[in-house]
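Breakdown of the fold
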Amino acid sequence: MAHWTKFEKELDKEVRKLIMHLSGIPDEEDPNFQMALKFAWSNFRFHHFLDVSSHKVQLSINGIYEKLMVHSDLCKADSWMRLTKEFLNSPLPNTEGTMTDIHHSILALLLFLSDSPSNTNYSERPRLKESEKEDSFDWAKYLMEGEDIDIGPFPDTPEWSEDESEEEESQQLLSREDSGIQVDRTPQEDQEQTSKTVQVTWTVGEPDARAWLELQVVTPYWVPHSPRFPHSLHLHSNLLNVWDQHLYNTDPLYLPEEKAFVTETQVIRETLWNSFIRNKKKIANCLRSVLEHVAAYGQAVFRLQRFIDEVTGHSAEPCPPGLNSSSSSSSSSRKSSEPPFRTYQAFVWALYKYFASFKEEITAIERDIIGKDETVTLSSVLERLSLHLSQITVLHRVFCTGVAEVPPATPNVVRASHLLNTLYKAIIEYDSVGEASEQSVALLFSLWVETVRPYLEIVDEWIVHGHLFDPAKEFIIQRNKDVPVNHRDFWYATYTLYSVSETIESEERLSEAASGSSGGEQSSSSRQHTMVSFLKPVLKQIIMAGKSMQLLKNLDCKEVEPADSSSRDAERKSLYTLFLESVQTRLRRGEESPMDTVSEQQATKRSLIKMQSIVARHLELDDIHDPLLAINFARLYLEQKDFHEKFSGSDVIVDRSSESVTCQTFELTLRSCLYPHIERRYIECCGNLMRTLKKDYRLLGYLQAMRNYFLLEAGDTMYDFYTAIFDKVLEKESWQQLAFLNVQLQEAVGQRHPEDSNRLSIFLETVDPTRKKQPINNLDGLTLSYKVPWPVDIVISSECQKIYNQVFLLLLQIKWAKYSLDTLRFSDLTVAAKIHEGGPSEEYTAKEPINQQIHRMVLLRVKLMHFVNSLHNYIMTRILHSTGLEFQHQVQEAKDLDQLIKIHYRYLSTIHDRCLLREKVSFVKEAIMKVLNLVLIFSDRWQAGFGAWKIESIDKMESDFKNCHMFLVTILNKAVCRGSFPHLESLAVSLMAGFEQC
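All figures in this text were calculated on a predicted structure; none of them were measured in a lab.

Comments concerning the overall build of the protein
- What the protein contains, in helices and strands, is 38 helices and eight strands.
- Carbon together with sulfur atoms contributes 54% to the accessible area of the protein, which is approximately 60,000 Å² in total.

Listed below in structure tokens is the structure:
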């Protein structure tokens, strides 16, 4: 401690006291005390806090000074700058030099503790400097000791002092002329006015002399019955008094009205800061016509400023959206309980930035008025503000249409969408005027870019992180909290797309004059459903990318690695930043380098010379020798060619200036600067999800399993299953037991596809008993079930399995009919015939011989087999196989999950329609079912043999089959010729080949 400074020794004492106070350890030699002391000193010496930046502190000081000057707090601004400079240049205890880091650290602490310096009432208090201690030693007596001094005849007279004469001069009263305020007079009135000079009791040297002067030099014309103090006695400055005197002399009934006298300078200053005269008295008509025009702009500024105050909570200085949303939402002065949503905050921030520049212009005019370097008139001020006034008109129209006319109870999603649509349409509308509205289009475009920022941030958060952060519910897509991510209905019921309601007359109101009427009285009948216009072309991509990213975040996959997400987010630029950079690049695209311009001019010159020679040769063929005419023709041809090359192409770049955005350019700007970034993210997110589902979750394998079992593509496996059922039916045994069905299914599947044995099951559904019972309908109610895991069940849903089961049932019925015909044996008929030949058979022999009956049965079997085989081949090859190949190709080409779901559903719908299961062609299916039912009846009678049925039954079966066959051939031929069902052509041709003409 010997090398410590005095400051460090004092600090050590204070640290020891602090440790004793906090820990209660009185003994400094205690080990715990020593550990606490070392810990404290290590934090003092090796802390992690950054040093205060003197540059930032100086910027803050200058910023507060400028703010105070803008608010016209001149006294406060002067005190602020003077006191801070005095402090920085003053020495501090235990500190060498001035303007050190300690000086700036103390100022930084005070700035952090300050709260809105411009809203604080402050008056500088006089500071009494400590007087230096007078030396009490009498040096004069000591030095003059022993000397004789002649003090004159009057030793008691005090010496004369120069300070006293200065104090007497300072106590003299100054007149108005001496105060620096000049009064205009004519030479004739100088003598008369000398006796009427107003004396101002203002003493030089008083602390509040300047404030007193500011209150006294201007006549308070805004106060009722204010005194008539003439600002000038010139005739041209008192024309109103002369006119009143004339009316009083000529009209005996004239009663002069109470008037307030103001100068043009006062009118200008009131116009700048209030846009209207504060008194309610009548003013001259010529001035009224001007001020009423200005007052309309003032009313517009007032409404916009009031809206800014309402959104920002009446704070003195709003901050950009997203930086201080928590503090602004908790403001105690908020009128409503909920904070304004971010779109309104962004819109207000854009308005605030515009009005900041507008107030800077007003402040510059005010400085010119105070400086009196040039004459400032009301007309010159209005001309100087003409651009701002036209822009204020545009802003007010947008505000009235997009904000003020929206009813109070409107949801935030409608408010935000309506405001963005209003700005979008306003840009297009004002741009259609042409170059006359370039400034308005540039202003609206900058306003739209600021206002759309929250929407783009919501989109960016959703498509990048899979989180739709919208606490105020202002986005047109909102999350349904009731459906979790791992639910099978996640893809369909998780998000809601809101259809925004907007008035039809809104476009017309933009072109009308701004008014203060509210749009809340509009009836709901005049509304139409729209949505945010600029998001329409990429709305599908946004939804797909957002849902895909949220699904990816909840999957255990390798496509999204959380370890690299933080570093990737730090390097990644937001969607809004990318959009701004693309816009800036596009606006600078029209700026060419000088070298490019020179090379282009040289190329044009060479082309002109070449074209001139060609034209000259053509003119010489017509005996015309005119070089000037050849040059003109060549120049005209090149201009027309250049025009067609520029405007006939697809990519037209229209750029009037670096700040203007035309209608065509605005839409092209979105197409080239915003949509590609969303499209790129959509491709990345959806591609990752599709690769994850195909690779990690075996999506293609499950789709193949559905075709294997439901569409019988696994022929050998499903053959073992359904033949066991058909054998039970042929043996007249009961097969409708779940235990039997599931055992047969597990045995068939387990041999060749053991991975699916636990997923596949079968059960029987209850069938309507009132339905007409036919043999072919015995299979109704037989239903397959395949357990599809999440998230594959988003594609293979329970509704899809219902369609699969309808096709499965139809295939089983066709397979049953085919199996019944294939298992018939000729020996059954021949044995039965021999038995009947040995005994009396009057009934059979009377009508037709037995051999003839057998022949008819065999022919009928062949016809039925041709029909069933034709139908079977059509379904299994032309429909299921070819459609399945097309489906597999489309699945490989699918870009997103929604497209894959649609492809799968379209595939099911196609096979459902082509298998004649649609209600529209139900009559065709009924005819086919009659034939299949006839097959089962024929098979049953074949196996029963002769004697179990009568000869008339053969006639009836032949007649029924012939009628159904003829009906189907006729219907199918007509459908094929009409072109309604081209896929039925192969079935129609096959059935036609087996058709027998009667």
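Observations concerning the nonpolar core
- Among the nonpolar cores identified, the biggest contains 196 residues, and Trp448, Tyr455, Phe534 and Leu897 are the most heavily contacted of them.
- If you look at the next biggest cluster of nonpolar residues, it comprises ten residues, including Val57, Ile64, Met81 and Ala108.

So, the packing of aromatic side chains
- By the definition in use, this model includes 24 aromatic pairs.
- Seen in terms of ring centroids, phenylalanine 445 and tryptophan 448 are 6.4 Å apart; in terms of plane orientation they differ by 25°. Their pairing is stacked. Of this pair, phenylalanine 445 and tryptophan 448 both sit in helix 18 (residues 438-451), three residues apart, which is roughly one turn of the helix. The exposure classification of phenylalanine 445 matches that of tryptophan 448, with both residues buried.
- Through successive ring pairs, a cluster of aromatic residues spans Phe307, Phe341, Tyr344, Phe347 and Phe399.
- Over the ring of tyrosine 702 we find arginine 698; its NZ or CZ atom is 4.8 Å from the centre of that ring.
- Across the ring face of tryptophan 942, the terminal group of arginine 861 is positioned such that the distance to the ring centre comes to 5.8 Å.

What to know about the packing of helix 18 against helix 24 (residues 575-587)
- At their nearest, the axes of helix 18 and helix 24 sit 11 Å apart, and the two run at 160° to each other. Between helix 18 and helix 24, the interaxial angle falls into the category roughly antiparallel. Handedness of the crossing formed by helix 18 with helix 24: right-handed. Here helix 18 contributes Phe445, Trp448, Val449 and Glu450 to the contact with helix 24, which in turn contributes Tyr576, Phe579, Leu580 and Val583.

Quick look at the pattern of salt bridges
- One pass over the full model with this rule turns up 24 salt bridges.
- Across the salt bridge formed by arginine 384 and glutamate 361, the nearest N and O atoms sit 3.0 Å from each other. Linking arginine 384 in helix 15 (residues 378-384) with glutamate 361 in helix 14 (residues 342-371), this pair joins segments that are 23 residues apart in sequence.
- Arginine 384 sits in the partly exposed class, given a relative accessible area of 37%.
- You can call glutamate 361 partly exposed: its relative accessible area is 22%.
- With a shortest N-O distance of 2.8 Å, aspartate 368 and arginine 384 are connected by a salt bridge. Placement of the pair is aspartate 368 in helix 14 and arginine 384 in helix 15, with a sequence separation of 16 residues.

Comments concerning the confidence of the model for the protein
- Across the protein, pLDDT averages 75, with 68% of residues at or above 70.
- A low-confidence stretch, residues 276-281 (pLDDT under 50), is modelled with 15 contacts involving residues beyond four sequence positions or located in other chains.
- Counting interchain partners and residues more than four positions distant, the pLDDT-below-50 stretch residues 840-846 has eight contacts.

Considerations on helix 14
- Taking 1.5 Å per residue as the helical rise, helix 14 with its 30 residues ought to reach 44 Å, and the 43 Å between its terminal C-alpha atoms agrees with that figure.
- Just beyond helix 14, the residue with positive phi is lysine 372, at close to 55°.

As for the pairing of strand 8 (residues 782-786)
- Counting buried residues in strand 8 gives four out of five residues, a clear majority hidden from the surface.
- As judged from the five bridges shared by strand 7 (residues 760-764) and strand 8, these two strands associate in the antiparallel manner. Across the sheet, the residue bridging to isoleucine 762 is leucine 784, located in strand 8.

Quick word on helix 38 (residues 985-993)
- By the burial criterion, the buried members of helix 38 are Leu987, Ala988 and Leu991. The buried residues of helix 38 occupy an angular sector of 100° when the element is viewed end-on, so they sit on one face. In helix 38, those exposed residues whose orientation departs by more than 90 degrees from the buried face are Val989 and Ala993.

Observations concerning a nonpolar patch on the surface
- Residues Ile102, Ile106 and Leu110 make up a contiguous nonpolar surface patch of roughly 250 Å² in combined accessible area.
- In this fold, isoleucine 106 is placed in helix 5 (residues 101-113).
- Take isoleucine 106: its relative accessible area is 33%, and that puts it in the partly exposed class.

Remarks on the state of the cysteines
- Following the criterion strictly, the structure yields zero disulfides and no others.
- Summary of cysteine pairing: cysteine 685 is not part of a disulfide, and the nearest cysteine sulfur, belonging to cysteine 686, is at 6.5 Å.
- The class of cysteine 685 is buried, set by a relative accessible area of 1%.

What about the packing of helix 14 against helix 19 (residues 453-465)?
- Between helix 14 and helix 19, the shortest axis-to-axis distance is 8 Å and the interhelical angle comes to 135°. Taken together, the axes of helix 14 and helix 19 are oblique relative to one another. Residue-level inspection shows Arg342, Thr343 and Ala346 of helix 14 in contact with helix 19, the latter providing Pro454, Tyr455, Glu457 and Ile458.
- Of the residues in the contact of helix 14 with helix 19, the class split is four nonpolar, one polar and two charged.

So, how was this worked out
Residues numbered from 1 in each chain as written. Predicted model: local features only at pLDDT ≥ 70, side-chain atom pairs only at ≥ 80, totals over all residues. Heavy atoms only, no water. Helix = DSSP H or I, 4+ residues; strand = E, 2+ residues; numbered from the N terminus. Areas by Shrake-Rupley, 256 points an atom, 1.4 Å probe, with all protein chains shown as cover. Core = buried A, V, L, I, M, F, W, Y, C linked by side-chain atoms within 4.5 Å. Buried < 20%, exposed > 50% of the residue type's maximum accessible area, 1.4 Å probe, protein only. Phe/Tyr/Trp six-rings, centres within 6.5 Å; stacked < 30°, edge-to-face > 60°. Lys NZ or Arg CZ within 6 Å of the ring centre and 35° of its normal. Axes fitted to C-alpha atoms, helices over the stretch in contact; angles between N-to-C directions. Parallel < 35°, antiparallel > 145°, perpendicular 65-115°, else oblique. Left-handed = near helix turned anticlockwise from the far one by under 90°. Contact = heavy atoms within 4.5 Å. Salt bridge = Lys/Arg side-chain N within 4 Å of Asp/Glu carboxyl O. pLDDT = per-residue confidence, 0-100. Expected span 1.5 Å × (residues − 1). Pairing = 2+ DSSP bridges. Arc of directions from axis to C-beta. Patch = residues over 30% accessible without salt bridge, like charges linked within 9 Å, V, L, I, M, F, W, Y side chains within 5 Å. Disulfide = S-S within 2.5 Å. Nonpolar A, V, L, I, M, F, W, Y, C, P; charged D, E, K, R; others polar.

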